[in-house]
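Examining the three-dimensional arrangement
Residues per chain, in single letters:
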Amino acid sequence: MAELVTPAERRRLFTLLSPAYLWLLVAVFLPLSAMLFFSFLTDMPQDAPDWGVTLGNYAEFLTNPTYSTLLAKSLKLAVTVTFFCVLIGYPCALVLAKSIKGRSREALFLMVILPFWSNSLVRIFSWAIVLRGNGVLERAINFVLPFDVRLNLMFTTDAVVIGLVHSYLPYVILTLYLALQAVDDDLIDAARSMGASKLTILRRILLPLSLPGLLAGAVLVFVPVVGSFMEPRILGGRMGTYYGTVIEDQFVAVYNWPLGAALSFILLAVVIVILAAASPVLKRAQT
Amino acid sequence: MTRSPLVLLGKIWLALILVFLYAPILVMAAMSFNASPFYQLPFQFSTDWYAKMAGNQQIITAAIRSVLIACGTTVIATCLGTAASVALFRYEFRGKRILQVLLFPPIAIPWLITGTAMLVFFFAIGIGRGTPAVVIGHVALALPYVIVTVSARLSSFDVTLEEAARSMGANAWTVLSRVTLPWIAPGIVAGALFAFAVSFDQFVVSYFLSEPGDSTLPVLIYTAIRKGFTPEINAISTIIVTVSMAVMFLAARFSKFGGSR
């Protein structure tokens, strides 16, 4: 790697870097700053010439309990989804990283990761087909069981949780797998040769060493779920009102953009707090 | 590791998880070939819904728009991202660490926030909604993926190769085109495929930035689902899943993504 010495090298560096970062500036960082600005306005300048500056949008969040209740509901949803993702994903990652070797491991790992990269909207939609009343799942269960079962899962909170766990599970398995794969097998063999039980190995070696990966995965699930709106809309029906859907409404149905900007910005603040709290662990997970 | 009941149990668990991950998609695909519009069983094979879909001008227009936007995004994001990766790899300079950290927000901040912020800002500066706005947004989301993928490939690049070429009289351009670029080519291809997938599958940002009646495929599907869906949507969704999984499968083959190293 070269230190920058000549003006020509400085120019080359600038030419290579500036297009990408200018693009990010215009498309991400300026919009985020603009949103903060608009969250303090009474009206959008393009709609009303007599717009003014106000704290009213934030006061609305503080005085109207609907918003804080929904934010709490979204946070609770994120906790639930994250919990199930880790609970379900950990054994998977462990088996993949430590019990399966060679080509079949590569193939299985790819199979677990692949759905994550397919369209999330379509995957949520596929659950709508499976879970709907008298749908495929109910029929399958009733075909096996002798008595009649009505699940009534569609348009419930459970349906939203199932869809979101399905969406984000591969993420957790990916980070956990990478963390567990890095654990030295000799360490496990040494512990076993000294008489450690499987539970002790899990508790004293695997869990502590994979903790950064676990937390990284948890954050990567938690953050997008707090801001989810499409999944609750499709699978939650009337139960599917969350903080994210209220923000969506401000922009596409109610057209109160300044309030929407304020609500978005509060969500961003929550996300930043979570990311900042997790950042020491996330840094460790990277290395 | 030894064969034990616990390991067997773990493998069964893994198999169940794979069923959980794939079953709904397979059910959807199966129902797109079922004659009954209400997903009635017994299953009767039919390709009617695909014929209906092919005749639906709205779906076809949205599909073409989605592919064009994804191609445009891929070209722009791959060029800009590769240039930035080379610069980040080659030079040491103050502020480099900050530039690397700045790649994180577009990935980490929920798309709902990024999307609404783009909408507000683009209206304020006069771009408004529409295909240009969607492309600007998609490129920004795809850039970090391209830079991370290409940088990962570059990190295994031996700089002494460039020095050797230079010492034998190659100029900067020759070094780049004959030594550096051929080495990172697999990384660039993987990055481009990631960019395509990010754009083609993107729903949230497209949803806020596209003009009503002028939407991409995922936005059209979302609107259709909320109105009450038809098996035509099944058919197009099945095609989308197949395409995006194929693209990602290729990307995984080109990058060393996971597996034993």
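Structure's up top.
In this report, the structure presented in the accompanying data block is examined. Given the structure is predicted, the values throughout are model-derived calculations rather than measurements. (Residues numbered from 1 in each chain as written. Chains lettered and ligands numbered in written order. Predicted model: local features only at pLDDT ≥ 70, side-chain atom pairs only at ≥ 80, totals over all residues. Heavy atoms only, no water.)

Concerning the overall build of chain A
From N to C terminus, chain A includes 12 helices and one strand. The order of α-helices and β-strands along chain A, N terminus first, is β-α-α-α-α-α-α-α-α-α-α-α-α. In terms of C-alpha radius of gyration, chain A reaches 24 Å, well past the compact-globule figure of 19 Å for 287 residues. Seen along its three principal axes, the alpha-carbon backbone of chain A occupies a region of about 75 × 75 × 30 Å. For chain A, with 287 residues in total, the buried portion stands at 52%. The contacts of chain A with a sequence gap of at least 6 include a subset with a gap of at least 24, amounting to 66%. For chain A, the exposed area adds up to about 13,200 Å²; of that, 68% sits on carbon and sulfur atoms. Positive and negative side-chain charges in chain A, numbering 21 and 17 respectively, have mean positions lying 9 Å apart. (Helix = DSSP H or I, 4+ residues; strand = E, 2+ residues; numbered from the N terminus. Rg over C-alpha atoms; globule rule 2.2 N^0.38 Å. Buried < 20%, exposed > 50% of the residue type's maximum accessible area, 1.4 Å probe, protein only. Contact = heavy atoms within 4.5 Å. Areas by Shrake-Rupley, 256 points an atom, 1.4 Å probe, with all protein chains shown as cover. Lys, Arg positive; Asp, Glu negative; His and termini not counted. Charge placed at Lys NZ, Arg CZ, Asp CG, Glu CD.)

Some thoughts on the overall build of chain B
Helix and strand counts for chain B come out as 12 helices and one strand. Along its sequence from the N terminus, chain B presents helices and strands in the succession α-α-α-β-α-α-α-α-α-α-α-α-α. Sorting the 261 residues of chain B into buried and exposed places 55% on the buried side. If you take every contact in chain B between residues at least 6 apart in sequence, the share linking residues at least 24 apart comes to 72%.

Details of the layout of surface pockets
Residue and element names in this part refer to chain B. Taken as a whole, the second largest pocket spans an internal volume of roughly 660 Å³. Those elements giving two or more residues to the lining of the second largest pocket turn out to be α3 (57-90), α10 (204-209), α11 (217-227) and α12 (231-254). Residues of the lining of the second largest pocket, tallied by class, amount to 12 nonpolar, nine polar and seven charged. (1 Å grid on protein atoms, 1.4 Å probe; cavity = no way out; pocket = protein on both sides within 12 Å on 5 of 7 lines; lining within 4 Å. Points joined across faces, edges and corners; volume = space filled by probe spheres on them. Nonpolar A, V, L, I, M, F, W, Y, C, P; charged D, E, K, R; others polar.)

Re the pattern of salt bridges
Pairs can form between side chains of opposite charge whenever their charged atoms are close. All names here are of chain B. Tallying each qualifying case throughout the model produces nine salt bridges over all chains. Its salt-bridge partner being Arg 65, residue Asp 214 comes within 2.6 Å of it at the nearest N-O pair. Linking Asp 214 in the loop between α10 and α11 with Arg 65 in helix α3, this pair joins segments that are 149 residues apart in sequence. Using a relative accessible area of 24% as the deciding quantity, one classes Asp 214 as partly exposed. A residue is classified by how much of its surface remains accessible, and Arg 65, at 17% relative accessible area, is buried. (Salt bridge = Lys/Arg side-chain N within 4 Å of Asp/Glu carboxyl O.)

What to know about the side chain of Glu 232 of chain B
Residues and elements named next belong to chain B. Within the fold, Glu 232 resides in helix α12. Here Glu 232 sits buried without a salt bridge, and the closest side chain of opposite charge, Lys 52, lies 6.1 Å off (N-O distance). Once you skip the residues sitting within four places of it in the chain, Glu 232 turns out to touch Trp 49, Lys 52, Met 53, Asn 56 and Ile 59.

Observations regarding the interface of chain B and chain A
Taken together, the contacts link 94 residues of chain B with 88 residues of chain A. Between chain B and chain A lies a buried interface of about 8,400 Å² when both sides are counted; carbon and sulfur atoms form 79% of it. Counting across the chain B and chain A interface gives one salt bridge. Across the pair Arg 226 of chain B and Glu 248 of chain A runs a salt bridge, and its minimum N-O distance is 3.5 Å. The tally of links between chain B and chain A comes to 10 residue pairs in polar contact (both at pLDDT 80 or more). For the side of chain B that touches chain A, the element with the highest residue contribution is helix α1 (residues 5-31) of chain B, accounting for 16 residues. (Buried area = accessible area lost by both parts, 1.4 Å probe. Polar contact = N/O pair within 3.5 Å; in protein donor to acceptor, adjacent residues only side chain to side chain.)

Concerning the packing of α3 of chain B against helix α7 (residues 131-154) of chain B
Residue and element names in this part refer to chain B. Two elements in contact, α3 and α7, have axes separated by 6 Å at closest approach and are oriented at 40 degrees. By the angle class used here, α3 and α7 are oblique. α3 and α7 meet at a crossing whose hand is right-handed. Residue classes in the contact of α3 with α7 are distributed as 17 nonpolar, eight polar and one charged. (Axes fitted to C-alpha atoms, helices over the stretch in contact; angles between N-to-C directions. Parallel < 35°, antiparallel > 145°, perpendicular 65-115°, else oblique. Left-handed = near helix turned anticlockwise from the far one by under 90°.)

Here we look at empty space enclosed by the protein
According to the stated counting rule, one finds two cavities of 30 Å³ or more in the structure shown. In this structure, the largest cavity is lined by 32 residues; those nearest its centre are Phe 116, Ser 120, Tyr 168 and Pro 224 of chain A together with Trp 111 of chain B.

Focus on the packing of aromatic side chains
All chains considered together, the criterion is met by 23 aromatic pairs over all chains. Ring geometry for Phe 229 of chain A versus Phe 203 of chain B: centroids 6.1 Å apart, planes at 35 degrees, classification tilted. On the criterion of chain membership, the pair formed by Phe 229 of chain A in the loop between α9 (198-226) and α10 (230-236) and Phe 203 of chain B in the loop between α9 (172-201) and α10 is interchain, its members lying in two chains. Using a relative accessible area of 2% as the deciding quantity, one classes Phe 229 of chain A as buried. Between Trp 257 of chain A and Phe 123 of chain B, the ring centres sit 5.2 Å apart and the planes meet at 75 degrees, which makes this aromatic pair edge-to-face. Here Trp 257 of chain A, found in helix α12 (residues 257-286), pairs with Phe 123 of chain B, found in helix α6 (residues 111-124), and the two come from separate chains. The buried category is assigned to Trp 257 of chain A, whose relative accessible area is 8%. Feature note: the residues Phe 229, Phe 251 and Trp 257 of chain A together with Phe 123, Phe 203, Tyr 207, Phe 208 and Tyr 222 of chain B constitute an aromatic cluster, connected by ring pairs. The ring of Tyr 242 of chain A is capped by Lys 73 of chain A, whose NZ or CZ atom sits 4.3 Å from the centre of that ring. Directly above the ring of Trp 183 of chain B sits Arg 153 of chain B, whose terminal nitrogen or CZ lies 4.5 Å from the centroid. (Phe/Tyr/Trp six-rings, centres within 6.5 Å; stacked < 30°, edge-to-face > 60°. Lys NZ or Arg CZ within 6 Å of the ring centre and 35° of its normal.)

Here's the deal with the nonpolar core
Grouped together as the largest cluster of nonpolar side chains are 184 residues, with contacts concentrated most on Leu 17, Val 81, Phe 229, Ile 234 and Leu 235 of chain A together with Phe 203 of chain B. In terms of residue count, the dominant contributor to this core is helix α3 (residues 65-99) of chain A (15 residues). Ignoring sequence-local partners within four residues, the contact set of Ile 234 of chain A consists of Leu 121, Ile 124, Ala 128, Met 154 and Phe 155 of chain A together with Tyr 222 and Ile 225 of chain B. (Core = buried A, V, L, I, M, F, W, Y, C linked by side-chain atoms within 4.5 Å.)

Concerning the state of the cysteines
Residues and elements named next belong to chain B. All told, the structure shown has zero disulfides over all chains when counted by the stated rule. Here Cys 71 is not disulfide-linked; the sulfur of Cys 79 is the nearest cysteine sulfur, at 13 Å. A relative accessible area of 36% means that Cys 71 is categorised as partly exposed. (Disulfide = S-S within 2.5 Å.)

A short note on the environment of Ala 190 of chain B
Counting through the fold element by element, Ala 190 of chain B comes out in helix α9. Counting along the chain gives 44 residues from Ala 190 of chain B to Val 146 of chain B, while the straight-line C-alpha distance between them is 8.0 Å.

A short note on the environment of Ala 251 of chain B
All names here are of chain B. Its location among the elements puts Ala 251 in helix α12. For Ala 251, a relative accessible area of 0% gives the class buried. When the C-alpha positions of Ala 251 and Leu 176 are compared, they lie 23 Å apart, and in sequence the two are 75 residues distant. The contacts of Ala 251, once residues within four sequence positions are left out, are Ala 190 and Leu 193.

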